[in-house]
Amino acid sequence: MGAISAELIKLKRSLAWPVVVLLPIVLVLAGAATQLARGTQPENGWDTVWIQSVGFYGLFPLAIGIAILGSLVWRVEHRGSNWNALMSSPTPTLRIVVAKALVVAGLTALMQVVLVLAVIAIGKLAFGLPGMLPGQHLGIGLLLMLAAVPAAALQSGLSLFLRSFAAPVAIALVASGISTAALMVADNAALVSPYGLATRTTLLGTGSFADSGTVTAGDVTAIAVAALVLTVLIIAITTAVLNRRDPRI
């Protein structure tokens, strides 16, 4: 708990907060921009608003947002002598890796909350849609918080080893592009890629790419299990590599 508390203190003045709030809002506005300019209503109501906003958001902006958060969370450790201080502390390596990954994952989860709220706001205030965002979409928003954890853990690990702020972001962009291309062939391809897993979740029930257009219990279970397995694997590899690179004293 001490490592996590320390990370939360560092977040008080972090530049991560504008990313958490502004990125999903900008993407939702961008998704609705054409119809807003034309003054037309979404053809299928809430479903159309969701696909236009969240579907595009999951293709690569989500991965880029997570990568930026990872770089920002690790930025302070790569300044001055902070890295040596961190590595010479009595905190176990695993706890450091987990704490950082949890912070990135937590910020990413908050980003999904802002995303859903922005979709609801644009649907109600801009388009005057009746009712509320369907429960299926709310459930996918919750599932996305879990599905994005492996990508958060991976980006945290990349930002741990790469001092450059931009390099992890570039890797996320390229990897998300490859994962998206793989999804055009088979949705199961997402289960082996942290980025593909997040993208696959945003496309659930949309009928886009290889998605069937319906959300099944099997889909949800497969995503949840894949998220757990990938997260554990990434954390374990990151910890092992860090121990080899920087032996604790």
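Coordinates for the structure precede this section.
This report concerns the structure included in the present document. Note on numbering: residues in each chain are counted from 1, in written sequence order. Under the rules for a predicted model, residues below a pLDDT of 70 receive no local features and side-chain atom pairs below 80 are neither given nor counted, while totals for whole chains, interfaces and linings still include all residues. The basis for every side-chain value is the complete set of heavy atoms in the structure, and neither hydrogens nor water enter the calculation.

## As for the overall build of the protein
Alright, step 1. We count a stretch as a helix when DSSP gives it H or I for four or more residues in a row; a strand needs E for two or more, and each element gets its number in order from the N terminus. The helix and strand inventory of the protein stands at 11 helices and zero strands.
Alright, step 2. What the globule rule says is 2.2 Å times the number of residues to the power 0.38, and the radius of gyration is computed from C-alpha atoms. Taking 18 Å as the expected radius of gyration for a compact globule of 249 residues, we find that the protein reaches 19 Å, a close match to that expectation.
Alright, step 3. Across its three principal directions, the C-alpha atoms of the protein cover 65 × 35 × 30 Å.
Alright, step 4. Type-normalised accessible area, obtained with a 1.4 Å probe on protein chains alone, sets the label of each residue: buried when under 20%, exposed when over 50%, and partly exposed for intermediate values. Sorting the 249 residues of the protein into buried and exposed places 48% on the buried side.
Alright, step 5. We call two residues in contact whenever any of their non-hydrogen atoms come within 4.5 Å of each other. Sequence separation of at least 24 residues holds for 79% of the intrachain contacts in the protein that already meet a minimum separation of 6.
Alright, step 6. In the structure as shown, the protein presents an accessible area of about 11400 Å², 70% of it carried by carbon and sulfur atoms.
Alright, step 7. For this count, His and the chain ends are skipped, Lys and Arg are scored as positive, and Asp and Glu as negative. Note that the charge is assigned to NZ on lysines, CZ on arginines, CG on aspartates and CD on glutamates. Once the 14 positive and 8 negative side-chain charges of the protein are each reduced to a mean point, those two points are 17 Å apart. Note on areas: Shrake-Rupley with a 1.4 Å probe; residue coverage comes only from the protein chains shown.

## Observations concerning the nonpolar core
Alright, step 1. Counting residues in each nonpolar core, the largest one holds 52 residues, and the members touching the most others are Ile66, Leu69 and Leu107.
Alright, step 2. When residues of this core are assigned to their parent elements, the largest contribution, 11 residues, is made by helix 6 (residues 93-126).
Alright, step 3. Excluding its chain neighbours within four sequence positions, the residues that come into contact with Ile66 are Val104, Thr108, Met111, Ala148, Ala151, Ala152 and Gln155.
Alright, step 4. Nonpolar core, defined: a set of buried Ala, Val, Leu, Ile, Met, Phe, Trp, Tyr and Cys residues in which side-chain atoms within 4.5 Å join the residues together. With 12 residues, the next largest nonpolar core counts Val97, Ala101, Ile234 and Leu242 among its residues.

Such coordinate-based values are descriptive only and should not be taken to indicate function.
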